[in-house]
Protein chains: 2
Amino acid sequence: MSFDRLIERIIELKNPTVVGLDPKLEYIPEYIKRRYLDDDGWTLKAASKAIFAFNQAIIDEIHDVVPAIKPQAAYYEMYGHYGIKTLEKTIRYAKLNGMFVITDGKRNDIGATMEAYTNAHIGSVKVGENDIEPFGADALTVNGYLGTDGIAPLVNVCRERDKGIYVLVKTSNPSSGELQDKLIGDTPVYAVMGDMCEKWGAETIGKYGYSAVGAVVGATYPEQLTELRKRLPHTMFLVPGYGAQGGGAEGLRGAFDEKGLGAVVNSSRAVMCAYKKEGCDERDFAKAALREAIRMRDDIVQYTNLI
Amino acid sequence: MSFDRLIERIIELKNPTVVGLDPKLEYIPEYIKRRYLDDDGWTLKAASKAIFAFNQAIIDEIHDVVPAIKPQAAYYEMYGHYGIKTLEKTIRYAKLNGMFVITDGKRNDIGATMEAYTNAHIGSVKVGENDIEPFGADALTVNGYLGTDGIAPLVNVCRERDKGIYVLVKTSNPSSGELQDKLIGDTPVYAVMGDMCEKWGAETIGKYGYSAVGAVVGATYPEQLTELRKRLPHTMFLVPGYGAQGGGAEGLRGAFDEKGLGAVVNSSRAVMCAYKKEGCDERDFAKAALREAIRMRDDIVQYTNLI
């Protein structure tokens, strides 16, 4: 009913990071694209198969070093229902390999509809007598603009099925401040949203002190990371924006508590495209991804008390 | 590059409404469920086929009375990639029948990722030499919490491909005020978001005075509807919450401009489940949906200058 499973994996692997699987077709080595695209033609189906092969190879390499993956739903929706099938298969494959899976969907809606998203992504759906998990992820990112009744259905399922959510609080993008930094009284919108996360999670606090309701806080805003870590003691952070988006490891120091817990840092492109940066043989892409994942772990973990 | 196509259809049919297709399995008549579920077993695939048959029959009946449909993505994601295939097919079928299609996905992310959502839902995706429209909707609902760089990719595609978006401004749910009514200086968050819509849409204004960037404003908040109609003269409204959620037709008066334009009002459950309310033979469900769609049109249009 909290992020205990993820936190335990972070402690075990001494690695507070997550690899984002946002597989644009241009990231995928030519030999994989050729294998699928030449067989089936240049279709959404072929692209989706190539993406799954790419994801699978990366998961094979990183699963006993990195605790979690974060597939970004948009990069699967791009290929229509074929892409969504690849998302389902990627989630299943990562879980079979012992990884924690965070679907980055930033879903949001009114209560009744949010129940449908909840059941889809982290719960189950009844079809007649059958109870089926369409996606089966461990956690989902969500947007809290609609307030409590758009979050409550998620929290119920988190409690029943040992799942988690991350609510957008302070996002990593350049224009995040346009609304999120505006002051409500003396409090910026992001802190108001953060306070709501503490409230929403209050009854789901696990053994490490963190609830099932986490927050997304960008690595690109280190001051807010530090401020929010103090303000939201029971809210675990998912931290995007390290690396490619310009957030450095030292700025992440404030995201962690004194035990080195309380945050998991994401990197997507730098890991997926490590082979390009290294300039190695493209057939070595998955091992290059592992090398970058290890580099990132070592870069970040030095600023925590996890080791 | 704006909502002109939708507005023209509204004028032609003298009907400023949209039917939401949020097909929960429990809404679907038993005889349709039996037809698919007994053949294929109680699977996500069978459920998705039943939903498509249901949607198709409703579209057959309403397409020359109602200008648009609004499929809610959550109710398709619930059935995994099979459900997403039904979403694709529903969009295609509605467009073949001359309807305008608004995918209600409330998508949001940072710029690069928003580009993927944009291409998926209202744009096209390059796979090798092929340029494919995965979903091909005319418009998409989005959430503006991330600010301008999460919206810019959408506006570009709206301009290039004659599409539209609706940004969540004041949502219809009971807890929408928790964040949206909070004051930033003297201005509620929803009005700040509304002002951003005016800005984002400024270079896409069409011949009826409305831009490609619309706003979602709930029928359950008639005062804010009226206030926002005055404040946002170039922003077309998508108005959920009429009927089942408790918003009445008279309260919608303020959503429209003096020509009866500027808003399109959604009803989902009341139309889809009209046969249950009527108590008619379930095989008559599509005709009952049409009767309810006509009742809703007549109920709402009397408060506009459209007739």
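Structural data are supplied above this passage.
Chemist: Could you clarify how one ought to interpret the overall build of chain A in this entry?
Modeler: Check the secondary structure of chain A and you find 13 helices and 12 strands. In terms of overall size, chain A behaves like a compact globule, its C-alpha atoms giving a radius of gyration of 19 Å where 307 residues would be expected to give roughly 19 Å. By residue count, 65% of the 307 residues in chain A fall in the buried class. Long-range contacts, defined here as pairs at least 24 residues apart, represent 73% of the contacts in chain A between residues at least 6 apart. Of the roughly 10,400 Å² that chain A leaves accessible, carbon and sulfur atoms contribute 48%. For chain A, the separation between the mean place of its 37 positive charges and that of its 42 negative charges on side chains is 3 Å.

Chemist: I tried to follow the environment of Leu232 of chain A on my own but got confused; where do I start?
Modeler: All names here are of chain A. By the element assignment, Leu232 lies in the loop between helix 10 (222-231) and strand 11 (237-239). Leu232 gets classed as buried once you look at its relative accessible area, which sits at 0%. Spatially, the C-alpha atom of Leu232 lies 9.9 Å from that of Lys199, the residues being 33 residues apart in sequence. Residues in contact with Leu232, not counting those within four places in the same chain, are Gly194, Asp195, Glu198 and Phe237.

Chemist: Looking at this structure, I do not really get the interface of chain B and chain A. What am I missing?
Modeler: Bring the parts together and some accessible area is lost; that lost area is often taken as the interface size. Each partner contributes residues to the interface: chain B has 68 residues there, and chain A has 68 residues. Taking both partners together, chain B and chain A bury about 5,400 Å²; carbon and sulfur atoms supply 60% of that area. Considering only the surface of chain B that becomes buried against chain A, His81, Tyr145 and Leu179 of chain B emerge as the three largest contributors, covering 14% of it. At the surface where chain B touches chain A, the tally comes to 4 salt bridges. Its salt-bridge partner being Glu77 of chain B, residue Arg107 of chain A comes within 3.0 Å of it at the nearest N-O pair. Linking chain B with chain A are 37 residue pairs in polar contact (both at pLDDT 80 or more). Here the residues of the side of chain B that touches chain A are counted per class, giving 35 nonpolar, 22 polar and 11 charged.

Chemist: What's the story with the relation of the copies chain B and chain A in this structure? I'm lost.
Modeler: The two chain copies are related to each other by a rotation about an axis together with a translation along it. Screw-axis analysis of chain B against chain A gives a translation of 0.0 Å along the axis, an RMSD of 0.0 Å, and a rotation angle of 180°. Put plainly, the chains are arranged around a two-fold axis.

Chemist: Sorry if this is basic, but what is going on with the sheet that holds strand 12 (residues 263-267) of chain B here?
Modeler: Each strand in a sheet pairs with another by means of backbone hydrogen bonds, the pair being arranged parallel or else antiparallel. All names here are of chain B. Spatial ordering of the closed barrel is given by 1-2-3-6-7-10-11-12, a layout of 8 strands whose pairing is parallel. Going across the sheet, the axis of each strand differs from the next one's by a mean of 30°, ignoring polarity. Where strand 6 (residues 139-142) meets strand 7 (residues 164-170), 4 bridges bridge the pair, whose relative direction is parallel. Across the sheet, Val142 pairs through a bridge with Val167, a residue of strand 7.

Chemist: I tried to follow helix 5 (residues 80-96) of chain B on my own but got confused; where do I start?
Modeler: Residues spaced three or four apart along an α-helix face the same direction, because each turn holds 3.6 residues. Taking 1.5 Å as the rise per residue, helix 5 of chain B with 17 residues should run 24 Å; its terminal C-alpha atoms sit 25 Å apart, in good agreement. Of the residues flanking the end of helix 5 of chain B, it is Gly98 of chain B, one or two places downstream, whose phi is positive at about 80°.

Chemist: What should I look at first to understand the environment of Phe3 of chain A in this one?
Modeler: Residues and elements named next belong to chain A. With respect to the helices and strands, the residue Phe3 is situated in the segment before helix 1 (4-13). Take Phe3: its relative accessible area is 0%, and that puts it in the buried class. When near neighbours in sequence (up to four residues on either side) are disregarded, Phe3 contacts Phe100, Ala139, Gly164, Ile165, Tyr166, Ser211, Ala212, Val213, Gly214 and Met236.

Chemist: Would you take a moment to explain the packing of aromatic side chains for this structure?
Modeler: The geometry of an aromatic ring pair is captured by the separation of the ring centres together with the interplanar angle, meaning the angle of the planes. A complete count under the given rule lists 12 aromatic pairs over all chains for this structure. Seen in terms of ring centroids, Phe52 of chain B and Tyr93 of chain B are 6.4 Å apart; in terms of plane orientation they differ by 80°. Their pairing is edge-to-face. With Phe52 of chain B in helix 3 (residues 44-62) and Tyr93 of chain B in helix 5, the pair connects residues that are 41 residues apart, well separated along the chain. Phe52 of chain B sits in the buried class, given a relative accessible area of 12%. The structure contains a cluster of three or more aromatic residues connected by ring pairs, namely Tyr31, Phe54, Tyr275 and Phe285 of chain A. Stacked on the ring of Phe237 of chain B, the Lys or Arg Arg229 of chain B has its end atom at 4.1 Å from the ring centre.

Chemist: I tried to follow the sheet that holds strand 2 (residues 68-71) of chain A on my own but got confused; where do I start?
Modeler: All names here are of chain A. With parallel pairing, the 8 strands of this closed barrel are ordered in space as 1-2-3-6-7-10-11-12. Averaged over neighbouring strand pairs, the angle between their axes works out to 30° when direction is ignored. Across 3 bridges, the pairing between strand 11 and strand 12 (residues 263-267) is parallel. Considered in strand 12, the bridge of Leu238 is made with Val264. Along the sheet, helix 7 (residues 152-161) contacts strand 6 (139-142), strand 7 (164-170) and strand 10 (213-217); its crossing angle with strand 7, the most-contacted strand, is approximately 140°.

Chemist: For this particular structure, what's the right way to read helix 3 of chain B?
Modeler: If you check helix 3 of chain B, its first and last C-alpha atoms are 27 Å apart, about what 19 residues at 1.5 Å a residue would give, namely 27 Å. Helix 3 of chain B sits mainly inside the fold: 14 of its 19 residues count as buried.

Chemist: Got a minute to help me understand the nonpolar core in this structure?
Modeler: Side chains of a nonpolar character, in soluble globular proteins, are inclined to be buried together. Counting residues in hydrophobic clusters, the biggest one holds 232 residues, and the most contacted among them are Tyr145 and Leu179 of chain A together with Leu179 of chain B. Non-local contacts of Leu179 of chain A, meaning those with residues more than four positions away in its chain, are made with Tyr145 and Val189 of chain A together with Tyr145, Ile184, Val189, Val192, Met193 and Met196 of chain B.

Chemist: When you look at the pattern of salt bridges in this model, what are you seeing that I'm missing?
Modeler: Opposite charge on two side chains allows them to pair when their charged atoms are near. As enumerated under the stated definition, the model contains 39 salt bridges over all chains in all. A salt bridge links Asp298 of chain A to Arg297 of chain A; the nearest nitrogen and oxygen atoms lie 2.9 Å apart. The exposure class assigned to Asp298 of chain A is partly exposed, which follows from its relative accessible area of 39%. Across the salt bridge formed by Lys207 of chain B and Glu8 of chain B, the nearest N and O atoms sit 2.9 Å from each other. Of the two residues, Lys207 of chain B is situated in the loop between helix 9 (189-201) and strand 10 (213-217) and Glu8 of chain B in helix 1 (residues 4-13); the sequence distance between them amounts to 199 residues. Of the residues examined, Lys207 of chain B reaches a relative accessible area of 62% and is grouped as exposed. Bridged by salt links that share partners, the residues Lys70, Asp104 and Lys106 of chain A together with Asp109 of chain B form one connected network.

Chemist: Help me understand unusual backbone geometry in this model?
Modeler: For residues besides glycine, phi is generally negative; the peptide bonds are generally trans as well. Residue and element names in this part refer to chain A. Phi is positive for Lys14, which is not a glycine, with a value near 45°. Along the polypeptide, Lys14 turns up in the loop between helix 1 and strand 1 (17-21). Of note, Asp162 is a non-glycine position whose phi angle comes to about 60°, a positive value. Among the residues examined, Asp162 registers a relative accessible area of 26% and is labelled partly exposed.

Scoring rules and cut-offs
Residues numbered from 1 in each chain as written. Chains lettered and ligands numbered in written order. Predicted model: local features only at pLDDT ≥ 70, side-chain atom pairs only at ≥ 80, totals over all residues. Heavy atoms only, no water. Helix = DSSP H or I, 4+ residues; strand = E, 2+ residues; numbered from the N terminus. Rg over C-alpha atoms; globule rule 2.2 N^0.38 Å. Buried < 20%, exposed > 50% of the residue type's maximum accessible area, 1.4 Å probe, protein only. Contact = heavy atoms within 4.5 Å. Areas by Shrake-Rupley, 256 points an atom, 1.4 Å probe, with all protein chains shown as cover. Lys, Arg positive; Asp, Glu negative; His and termini not counted. Charge placed at Lys NZ, Arg CZ, Asp CG, Glu CD. Buried area = accessible area lost by both parts, 1.4 Å probe. Salt bridge = Lys/Arg side-chain N within 4 Å of Asp/Glu carboxyl O. Polar contact = N/O pair within 3.5 Å; in protein donor to acceptor, adjacent residues only side chain to side chain. Nonpolar A, V, L, I, M, F, W, Y, C, P; charged D, E, K, R; others polar. Least-squares fit on C-alpha atoms with pLDDT ≥ 70 in both. Pairing = 2+ DSSP bridges. Axes fitted to C-alpha atoms, helices over the stretch in contact; angles between N-to-C directions. Expected span 1.5 Å × (residues − 1). Phe/Tyr/Trp six-rings, centres within 6.5 Å; stacked < 30°, edge-to-face > 60°. Lys NZ or Arg CZ within 6 Å of the ring centre and 35° of its normal. Core = buried A, V, L, I, M, F, W, Y, C linked by side-chain atoms within 4.5 Å.

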